[in-house]
Structure formats: C-alpha cells, structure tokens
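# Overview (structure and organization)
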Amino acid sequence: MSKIVYEKSRGLSETQLSYCPGCTHGIIHKLIAESLVELDLLERTIVISPVGCSVMAYDFFNCDGIQASHGRAPAVATGLKRTNPDKIVFTYQGDGDLAAIGTAEIVHAAHRGDNITVIFVNNAIYGMTGGQMAPTTLIDMKTSTSPLGRVEALTGKPLLVSELLSQIPSTTYIERVASHDVPHLNKAKRAVKKAFQYQAQGKGFSMVEILGTCPIGWNMTPTDAMGFVKDTMMPYFPLGVYKDEGGEA
Amino acid sequence: MKILMKGNEAICEAAIVAGCKAFFGYPITPQNEIPEYMSLNMVKAGGAFVQAESEIGAINMCYGASASGVRVMTSSSSPGIALKQEGMSYLAGANLPCVIVNVSRSGPGLGGILPAQGDYFQMTRGGGNGDYYTPVYAPFSVQEAIDLIFKAFDVADLYRTPVQMVADGMLGQMMEPCVIEPRAAINVDKSWATDGNSGKRPRNIVNSLNLSAEGLEQMNKERFARYQEIKKNETMVDNRVKDGDEIAIVAYGAPSRVAVNAVDELAARGIKAGLIRPITLWPYPYDVFQNLPSSVKNILVCELSMGQMLDDVKIGVAGRLPVHFYGRCGGAIFEPAEIADAAEKIVRGGA
C-alpha cells in the first residue's frame, strides 16, 4: 500500500494560481497555508489581498478573503480586526502596494500596533503592470520606467521597509527572509508561523518581508532570478530579525 | 424623552442606538464633534473607534469592518469626502453597506469652513470611478437627521450599498430638542460576510474585481436593478406646494429653513409660494415636478452653491416651466428677504 509523503496544503483552494512560471508568490502562499493549518487558525482567518500580482490572493487561500484598494490593505485589516478581535487577519502585499502607494496605511497600522500580520513580498519591481520601477528597485536595475537603470541622483536609494518599520515603537515582530532556496524557505516558514502565533496570542503588529522573484519583470530565467535574490538583493536587503518583542511564541 | 442636542452629536447618538458598532474618522472642521463624541461613547457602547491616519485610511477601515457584517460609519467634511471617494467606489463595487456623513463646507480646494452646498455633484453623481450611485439623505433639522440616520443604516443593509448623509456647519452646530429612541430592527441576511467563520460554512469573498467583461457587466446590471428598487421605495420629498401657489421654491438641507421663512415673507407681500424640499438627493424626487398644480408658473431653485441641484430640477421639470436660480456660496448664507426678492421679481415680471 502506498503512503502519502507530500500533499497540497488544505489551506490552499482548488483555484489555479495566476502567477507567472518561476515566480515565488506560489511557494510563499504554500508557506502561509501550511502555517495556518499547522497552527489550527485557518478556519478563523481572513486574508486581505492587495492590488498587484497577488490581487487574487483571496481566491487562493481556503479561508475568507477581502480584496482591498491599492495600498490600503492595512487600513482594511485594522477595521476588520478591531471589530473581530478573535479572528486572524493578514494582509498580503507587494512592494508597489506597501512601499509606495500604501506607505501611510502600513506605517500607521504599525504605529497603532494593530494586532495583525503583514506578509510583504519584495521583488523590487511592479510585476503586474509590466515591470515598472518600485521604491525597492535596486540602483542600476533596468525596468520599464528606468530603462537606463535606476539612477540614485534622480530616484534615491531603495527603500528598506523592515528597517523602517522596526523603528516604529509599537511594532512587535519584524523579520526579513528570502524565498530562493530550500534552507531560506524553511527559515521563511518559521518566520511566517511565528508572526501568526504572535497574532493569535494578541502580541500586536508583525511583518515578515520576503524577498521574492519576478523572472518576467527582471527579464531572467527562473534559475537566474533565484541567483539574483541571493547575489544582488540580499547584500542590499540584509536578512534577519529586525525586531522581536513577542517573547516565547 | 426629549433632550437638547447639537446636530453633530445627535447624529452620533442615533448611530449608536441604531446598532453602529464601529466608527473610523479623521479630524476636519466642521465635523469634529462627531469623532470626538464617538471616541468616548462608541467605546462606552462596546464598539470600535479609531482616529485614522487620513480620510482614505478611515473609509478603508469602514470597508474592512463592513465586510465582516457589522454596522459602521465614518464622517468628514467636503475635501475629506473627496478623499473618501476611492473607498466609496470600492464599497459600492463590493456591495458593502456603510454610512458616510458629510458635514459640508465651502469649496473648491481647501475653500472655507462655513456652510455650503457645493458637494451636490460629488454626492449624487457617484463621486468615485465606475458606474454607481449612493443614496444621499439631506435632513433640515436635528430630529430629521436622527430619523434619517436610522433609515440610512437600514437602507445600507437592505440594498448593500454605501449611504451618505449631508449636513452642514449650521445643522451640525445647532442645538434642538430631539428624541433618540430605538427603532424596530430590520431583518437582513448577512451570510455573505467575511467574518472569519470559513470553518462553519463555505468561504466568503468580498471583492469588486471581475476581469471578465460579461461578468463585470452582469455585476453592474445587478447593482442597477437594486438602484431601481431604491428609486421606487426610498425616494423622499417634503412637498408643501398647494393649489393656487404661483411659484415653487426648491431648497434642501438647513438652507431650506431660510426658504420656509421666505415663503412666509412672500405671503405677507401677497405672493403665494410653496416649498419643495427634497429629502433624498439621490434618488431625486423628479416626479414631484410632474404633478405640480397648474397655478405654478415658475420654479425658483435656491442653493448655497453656484447651482448644482439646479440640474436635477431641470431634469424633473423637463422644460414645462421656467426654472430660475438664486444662490450664495463661499460660506455666505441667503436671508429670507433675498429669496423673497428673487421670487417677487420673477412673479411680478421682469426676471
């Protein structure tokens, strides 16, 4: 008799993912789904999807879902969590959504110390709209709105979101992880799980920043894109725990 | 029991008694009594209060709370209502109930803090992107504001739509005796709510996105079918025009109280005038202009604007009678004599 050694998490729905081949959104969804199932939180979770590549994330998780306007997912999360404090609320946002148009909403959800979890996928580009420059685009990186490469003199240096939010007094847990290989995915899952545990324990605002890939937007093969995370993104976006005031999870 | 209350505070108390469980707002004059009152009394009532980082933040908090099925309200004043339009379009698109109170001020831009009615277009023509409307209530007294807040929450729930109420600095700041008592609760099915109970039922999704042309068209047609029901069931007007009146004066909100005095003054001058006071600005009571007594030969629209509701009156009158306009704006408020003078000039000829 054969034995099941691996199966799709029941935290994911039957809907086919809309992501491009080689993009790490799918695998990040898996980490979240597995974490929610393992912590027995899935049935009382609500995911808030952003505008961007993951706009349809509400369809991919096997729980209630809300689609938010561009950048406003943390405010939607606040309204939802304040009226449903016993539920698990998380936003899933990209760098255009969270680090550009949604800066006020993310900063003030953090500032209020709202007991929510933010999964921030940083792939240094606007993926869905066709590969435009993001606040997190690296210097010299070519995008459709920085065709000669990002120029520091004109557009500044890439925004460091984990560093920024860790400076906000009311945040509880901020960690940056990566998604380009198995050891880093294992670490990423531990971080995601800890963030949800903290929320379930009422410990306040947590964000996990996950360095992701965009092979299409970066004009790379999926393998090269994994290498780009390791060799080019990680030196500028150092991995690690930026803040952890949650105590024992 | 009759109590003496300021308009802004009466609106809050009525909302709490109507079962509103959350308020999200942002400071802006002349509506500050609303978040101030809610910061104490919504919390005392066991509800949620957050002073948001912006009007955009506040309306999106409403979106999140409403998605879970609770009654929720926000308030602001004209430029802040402009900022909320993104969220109101999303609320309409996702079929979420919400009550939005606009204690309006003069504009455009930062304008001024004095009463004005320049938000008529913003409130009655959708305001945000896409095909949608929101019911708009325009009370003229503190008691009517209370009654319409109860109605606004019911209509929002029944038709799954954001609902707006427009007051102005006059109504918001004036104190009047009023009664705030619980009303009969309506039965509304909220089995669509994303309240985090997917363990007990199929998962719910709140969403305005539909990438299929036919699918989105269908969503919009379904919404507009509800709008037809709203037009049929919820249109409200205070029509005081009587047989024999020579002129009908059309005004809404607190400024219509000036028009009431103008009608009396005209009577003293020997001119029979009647008042038409739309209570819902959307849906607009167009029908009232089709059934006017034959004695009415002229219509005078009076607004604290350069003439915005004027367009709706013209649609209602449909060319059958001359439509005139008298307005003040920028925070200037007309006196009864000004309206009476304008009406007298029209009736006696020369206008």
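Below, the structure is looked at part by part. (Residues numbered from 1 in each chain as written. Chains lettered and ligands numbered in written order. Predicted model: local features only at pLDDT ≥ 70, side-chain atom pairs only at ≥ 80, totals over all residues. Heavy atoms only, no water.)

Attention shifts here to the side chain of A:Arg150. Residues and elements named next belong to chain A. Note that Arg 150 resides in the loop between β6 (132–133) and α6 (152–155). One buried charge, Arg 150, has no salt-bridge partner; the nearest side chain with opposite charge is Glu 152, at 8.4 Å. Within the structure, the side chain of Arg 150 is placed 3.3 Å from the backbone oxygen of Gly 156, a separation counted as a polar contact. Among the polar contacts listed, one links the side chain of Arg 150 to the backbone oxygen of Lys 157, at a separation of 3.5 Å. (Helix = DSSP H or I, 4+ residues; strand = E, 2+ residues; numbered from the N terminus. Buried < 20%, exposed > 50% of the residue type's maximum accessible area, 1.4 Å probe, protein only. Lys, Arg positive; Asp, Glu negative; His and termini not counted. Salt bridge = Lys/Arg side-chain N within 4 Å of Asp/Glu carboxyl O. Polar contact = N/O pair within 3.5 Å; in protein donor to acceptor, adjacent residues only side chain to side chain.)

Quick look at the sheet that holds strand β2 (residues 64–67) of chain A now. The sheet built from eight strands is open, its strands ordered β9(A)-β7(A)-β8(A)-β4(A)-β3(A)-β1(A)-β2(A)-β9(B) with mixed pairing. Since the sheet does not close on itself, it has two edges, and those belong to β9 (240–244) of chain A together with β9 (205–206) of chain B, each with one partner. Summarising the sheet, strand β1 (residues 45–49) of chain A and strand β3 (residues 88–94) of chain A pair through four bridges and their orientation is parallel. Across the sheet, the residue bridging to A:Thr45 is A:Ile88, located in β3(A). (Pairing = 2+ DSSP bridges.)

Residues and elements named next belong to chain B. Under the 1.5 Å per step criterion, the end-to-end length of helix α3 (residues 55–67) is 18 Å for 13 residues, consistent within 8% with the ideal 18 Å. Judged by how many residues are buried, α3 sits mostly within the fold: 13 of 13 residues are covered. A side-chain oxygen of the first residue of α3 lies 3.2 Å from the backbone nitrogen of Ile 56; this N-cap is Ser 54. Following α3 by one or two positions, Gly 69 adopts a phi angle in the positive range, close to 100 degrees. (Expected span 1.5 Å × (residues − 1).)

So, on to the environment of B:Ala342. All names here are of chain B. With respect to the helices and strands, the residue Ala 342 is situated in helix α11 (residues 336–347). Since its relative accessible area comes to 17%, Ala 342 is described here as buried. Separated by 17 residues in the primary sequence, Ala 342 and Phe 325 place their C-alpha atoms 8.6 Å from one another. Among all residues touching Ala 342, those that are not within four sequence positions of it are Leu 300 and Tyr 326. (Contact = heavy atoms within 4.5 Å.)

Bringing the pairing of strand β8 (residues 205–211) of chain A into the picture now. Moving residue by residue along a regular strand, the side chains alternate between the two faces of the sheet. All names here are of chain A. For β8, a buried count of seven out of seven residues is recorded, marking the element as mostly surrounded by other parts of the structure. Side-chain alternation along β8 places Phe 205, Met 207, Glu 209 and Leu 211 on one buried face and Ser 206, Val 208 and Ile 210 on a second face that is also buried. Note that strand β4 (residues 117–122) and β8 share six bridges and pair parallel. Bridge assignment links Phe 120 to a residue of β8, and that residue is Glu 209.

Another aspect to go through is the pattern of salt bridges. A full pass over the atoms with the stated rule returns 37 salt bridges over all chains. Among the salt bridges present, the one from A:Arg72 reaches B:Glu86, with a minimum N-O distance of 2.9 Å. Of the two residues, A:Arg72 is situated in the loop between β2 and α3 (73–83) and B:Glu86 in helix α4 (residues 78–93); the pairing between them involves two chains. For A:Arg72, a relative accessible area of 7% translates into the label buried.

A common way to report how large an interface is uses the accessible area buried once the components associate. Facing 36 residues of chain A, the contacting portion of chain B comprises 36 residues. Carbon and sulfur atoms make up 56% of the surface buried where chain A meets chain B, a total of about 2,500 Å² over both sides. Counting the contacts that link chain A with chain B gives three salt bridges. Viewed at the interface, chain B and chain A are joined by 21 residue pairs in polar contact (both at pLDDT 80 or more). Only β1, α2 (57–60), β2, α3 and α5 (103–112) of chain A provide two or more residues apiece to the side of chain A that touches chain B. For the side of chain A that touches chain B, the per-class residue count stands at 14 nonpolar, 13 polar and nine charged. (Buried area = accessible area lost by both parts, 1.4 Å probe. Nonpolar A, V, L, I, M, F, W, Y, C, P; charged D, E, K, R; others polar.)

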